[in-house]
Amino acid sequence: MLMKTKIVAAAAALAFLAACTTDPYTGQQKIANTTGGAAIGAGIGALAGMALGGGNDRRNALIGAGIGALAGGAVGNYMDRQESELRAQLQGTGVSVTRAGDRIILNMPSNITFATDQDAVKSSFYPTLNSVGLVLKKFNQTMVDVYGHTDSTGNDQYNYDLSERRAMSVANYFYGQGIDGRRFVVRGLGETQPIASNSTEAGKAQNRRVEIQLSPLS
């Protein structure tokens, strides 16, 4: 299965901005409820500067924007503090927080994030994403990789496309909160990376997820 990374397009960025409305109470921009999945998909282009493959291009873009890189022992302390705040914010939400070396992995099961076969984030999940967004804003030396996953039911290409759209929806939500799009790489991986057996319903439920991997800018 092809692992395609979305790259910026100025026209798509304009499409995303056109799909936004302003909350009359908070003054913040958000995606209009009527735009649907198509507008969300186009809107990923608004993640200006998204790196192809997320390697040195992304790192260089962030450093060039004046975001300093972490070095030495500062990395571990930085990720420790970020992990602690994420655990506090996400307690009881259904989102798991896993530490893997200098990376933090957030696992968002699809049953709390999306309706069946849909790519629009459930409104009931907004507060959880808001909590993650607050931490991402505070820890702005963090690079964010968003991966969409499905179970093995159905056509391979359909699963890939759905996983990609869901990952894009989550990334777009953070972008709408004012988080720098140059920090993001977004990929749909379809059914290629299961974490449980697809032979049972319980296993399939675990495989349907969006993962956010956080790594330090170093």
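In every chain, residue numbers begin from 1 and rise along the written sequence. Two thresholds apply to this predicted model, a pLDDT of at least 70 for residue-level local features and 80 or more for giving and counting side-chain atom pairs, whereas whole-chain, interface and lining totals are computed over all residues. Values shown for side chains rest on all heavy atoms present in the structure; no hydrogens or waters enter the calculation.

### Thoughts on the confidence of the model for the chain
Put simply, the rule is: Each residue carries a pLDDT score, the predictor's confidence in it, ranging from 0 to 100. Segments assigned H or I by DSSP are reported as helices when at least four residues long, segments assigned E as strands when at least two residues long, and all are numbered from the N terminus.
Here the chain averages 81 in pLDDT, and 75% of its residues register 70 or above. Across the chain, element-level confidence peaks in strand 3 (residues 96–100) with a mean pLDDT of 98 and bottoms out in helix 2 (residues 36–43) with 36.

### Observations regarding the sheet that holds strand 6 (residues 184–188)
Put simply, the rule reads: Note on pairing: DSSP must find at least two bridges between two strands before they are called paired. Axis definition: a line fitted to C-alpha atoms, limited for helices to the stretch in contact. Angles are taken between N-to-C directions and run from 0 to 180 degrees. Any pair of residues with heavy atoms lying within 4.5 Å of one another is described as a contacting pair.
Pairing is mixed in the open sheet, where five strands are placed in the order 3-4-7-5-6. The sheet terminates laterally at strand 3 and strand 6, the two strands that pair on one side only. Across this sheet, the average inter-strand angle for adjacent strands is 20°, counted without regard to direction. Along the sheet face, helix 4 (residues 74–90) touches strand 3, strand 4 (103–109), strand 5 (142–149) and strand 7 (209–216) and points at about 165° away from the line of strand 3.

### Here we look at the packing of helix 6 (residues 126–138) against helix 7 (residues 156–176)
Definition in use: Oblique is the label for every angle not falling under 35 degrees (roughly parallel), over 145 degrees (roughly antiparallel), or within 65 to 115 degrees (roughly perpendicular). Handedness of a crossing follows from how the near helix is turned relative to the far one, being left-handed for an anticlockwise turn of less than a right angle and right-handed for a clockwise one. Lys, Arg, Asp and Glu make up the charged group, whereas Ala, Val, Leu, Ile, Met, Phe, Trp, Tyr, Cys and Pro make up the nonpolar group; the residues left over, Gly among them, are polar.
Running from N to C, helix 6 and helix 7 cross one another at 60°; their axes reach a closest spacing of 10 Å. In this view, helix 6 runs oblique relative to helix 7, as classed from their interaxial angle. Here helix 6 and helix 7 pass one another in a crossing that is right-handed. Counted together, Tyr126, Leu129, Asn130, Val132, Gly133 and Leu136 of helix 6 and Val170, Tyr173 and Phe174 of helix 7 form the full contact between these two elements. Residues of the contact of helix 6 with helix 7, tallied by class, amount to seven nonpolar, two polar and no charged.

### So, the pairing of strand 6
Residues in a regular strand point their side chains to alternate faces of the sheet. The criterion, for reference: Between buried and exposed lies partly exposed: a residue is buried under 20% and exposed over 50% of the maximum accessible area for its type, with that area taken using a 1.4 Å probe on protein chains only.
Within strand 6, five of the five residues are buried, which leaves it mostly tucked inside the rest of the structure. Where burial is concerned, the two faces of strand 6 agree: the one with Phe184, Val186 and Gly188 and the one with Val185 and Arg187 are both buried.

### Brief notes about the packing of aromatic side chains
How we decide: Each pair of aromatic rings taken from Phe, Tyr and Trp, with Trp reduced to its six-membered ring, is defined by centres within 6.5 Å and is described as stacked if the planes are under 30 degrees apart, edge-to-face if over 60, and tilted in the remaining cases.
The final tally for this structure, using the stated rule, is three aromatic pairs. Look at Tyr126 and Tyr173: their rings are 5.1 Å apart centre to centre, the planes differ by 35°, and that puts the pair in the tilted class. Pair noted here: Tyr126 is in helix 6 and Tyr173 is in helix 7, with a separation of 47 residues, a long-range link. A relative accessible area of 18% means that Tyr173 is categorised as buried.

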